[in-house]
Amino acid sequence: MPSYDPNNIFAKILRGELPCYKVYEDDKVLAFLDIMPRSPGHTLVLPKAPARNILDISADDLAHVITAAQKVAKAAVKAFSADGITIQQFNEGAGGQVVFHLHLHVIPRKAGVAMKPPASEKEKPDVLAEHAKKLAAAISG
Ligand code: AMP
């Protein structure tokens, strides 16, 4: 497998070199909105550790990521009145991965509403800012 590339876009977000719509952060994990959401509130949950995907992350860091994803999922049910949550995670190009820093997609779902196709439409900044605020408030409250 290829090794971790510290110049991937999520590594730059983690270093604060690029902006994000932050939803949650602790010492091991950062969660922010996908800028091309497949549904409102679509969030990406990342380890701060430099892991390419599930094939090279430590079990401990992976446990932190899934625990944070659960926090985001529960907050999305509250903040977006979601009827369900879809979790996705892709590994290597052949597995559908595009950005090579491990991330879990937490996608709030409404009954009977299909997800948009991946990376189909960039959401407006004011909408993303409002959704991030709602989710962050639901996590801390
Ligand atoms: P994948 O690696 O297949 O899970 O896809 C990468 C995901 O990252 C896609 O859903 C993109 O919409 C999303 N994405 C790409 N660039 C950014 C960014 N700067 N901020 C937030 N999400 C992004």
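Attention in this report is confined to the structure presented alongside it. (Residues numbered from 1 in each chain as written. Predicted model: local features only at pLDDT ≥ 70, side-chain atom pairs only at ≥ 80, totals over all residues. Heavy atoms only, no water.)

1. A few points about helix 2 (residues 59–80)
Selection criterion: Numbering of helices and strands starts at the N terminus; helices are DSSP runs of H or I of at least 4 residues and strands are runs of E of at least 2. One less than the number of residues in a helix, times 1.5 Å, gives the span that helix is expected to have. Note on contacts: a residue pair qualifies if any of its non-hydrogen atoms lie within 4.5 Å across the two residues.
Taking 1.5 Å of rise per residue, 22 residues should cover 32 Å, and helix 2 covers 31 Å from first to last C-alpha, within 8% of that figure. Looking at the buried residues of helix 2, the elements they touch are strand 1 (22–25), strand 2 (29–33), strand 3 (43–47), strand 4 (84–88), strand 5 (104–109) and helix 3 (125–140). Among the residues trailing helix 2, Ser81 stands out with phi positive, at a value near 45 degrees.

2. Remarks on the sheet that holds strand 4
Operational definition: Here, a strand pair is defined by DSSP locating no fewer than two bridges between the strands. Inter-axis angles, ranging from 0 to 180 degrees, are taken between N-to-C directions of lines fitted to C-alpha atoms, where helices are fitted over the stretch in contact.
With antiparallel pairing, 5 strands are arranged side by side in an open sheet as 1-2-3-5-4. Bordering the open sheet on either side are strand 1 and strand 4, each of which pairs with just one other strand. Across the sheet, the mean angle from the axis of one strand to that of its neighbour is 20 degrees, orientation sign disregarded. Two elements, strand 3 and strand 5, share 3 bridges in a ladder whose sense is antiparallel. Paired with Leu44 across the strands is His105, a residue of strand 5. Of the strands in this sheet, strand 1, strand 2 and strand 3 are in contact with helix 3, which crosses strand 1 at around 30 degrees.

3. Some thoughts on the pairing of strand 5
Taken residue by residue, a regular strand's side chains alternate between the two faces of the sheet. Worth spelling out the cut-off: The buried label goes to any residue with under 20% of its type's maximum accessible area, the exposed label to any with over 50%, and the partly exposed label to all in between, with areas taken from a 1.4 Å probe on protein chains only.
Counting buried positions over the 6 residues of strand 5 gives 5, a clear majority of the element. Bridge count between strand 4 and strand 5: 5 bridges; the pairing is antiparallel. By the bridge assignment, Gly84 is partnered in strand 5 with Arg109.

4. Let's talk about the nonpolar core
Put simply, the test is: Grouping buried Ala, Val, Leu, Ile, Met, Phe, Trp, Tyr and Cys residues that are joined through side-chain atoms within 4.5 Å yields what is termed a nonpolar core.
The biggest cluster of nonpolar side chains holds 24 residues, and the ones touching the most others in it are Val23, Val45, Val65 and Leu135. Not counting residues up to four positions away in its chain, the partners in contact with Val65 are Val29, Val45, Leu46, Pro47, Ile57, Leu102 and Leu104. Residues Ile13, Phe32, Leu44 and Leu46 belong to the second largest nonpolar core, which totals 7 residues.

5. What to know about the site of the ligand
Worth spelling out the cut-off: Note on definitions. A residue lies near a molecule or strand when any single heavy atom of the residue is within 4 Å of it. Here a polar contact means two N or O atoms within 3.5 Å. Within protein one must be a hydrogen donor candidate and the other an acceptor candidate, and residues neighboring in sequence count only if both atoms are side-chain atoms. Surface exposure here means Shrake-Rupley accessible area, sampled with a 1.4 Å probe, where a residue is shielded only by the protein chains that are shown. Grid points spaced at 1 Å and placed over the protein atoms alone form the basis of the search, with a cavity being a set where a 1.4 Å probe fits but cannot get out and a pocket an open set showing protein on both sides within 12 Å along at least five of seven lines. Lining residues have an atom within 4 Å of a point. For a cavity or pocket, the test is whether more than half of a molecule's atoms lie within 2 Å of its grid points; if they do, the molecule sits there. Following the grouping adopted for this structure description, the nonpolar residues are Ala, Val, Leu, Ile, Met, Phe, Trp, Tyr, Cys and Pro, the charged ones are Asp, Glu, Lys and Arg, and the polar ones are all others, Gly among them.
Contacts to the ligand come from 16 residues, most closely from Asp34, Gly96, Val98, His103 and His105. For the ligand, an oxygen atom lies 2.9 Å from a polar atom in the backbone of Gly96. Contacts to the ligand include His105, whose side-chain N or O atom sits 2.6 Å from an oxygen atom. Alone, the ligand offers 500 Å² of accessible surface; in the complex the protein occludes 87% of this. When each cavity is represented as a set of grid points, the ligand is found to reside in the largest pocket. Going through the elements one at a time, helix 1 (9–14) and strand 2 are the ones with two or more residues in the shell around the ligand. Broken down by element, the residue count for the shell around the ligand peaks at 3 residues, all from helix 1. Per-class residue counts for the shell around the ligand are 11 nonpolar, 4 polar and 1 charged.

The quantities given are spatial measurements derived from coordinates; they are silent on function.
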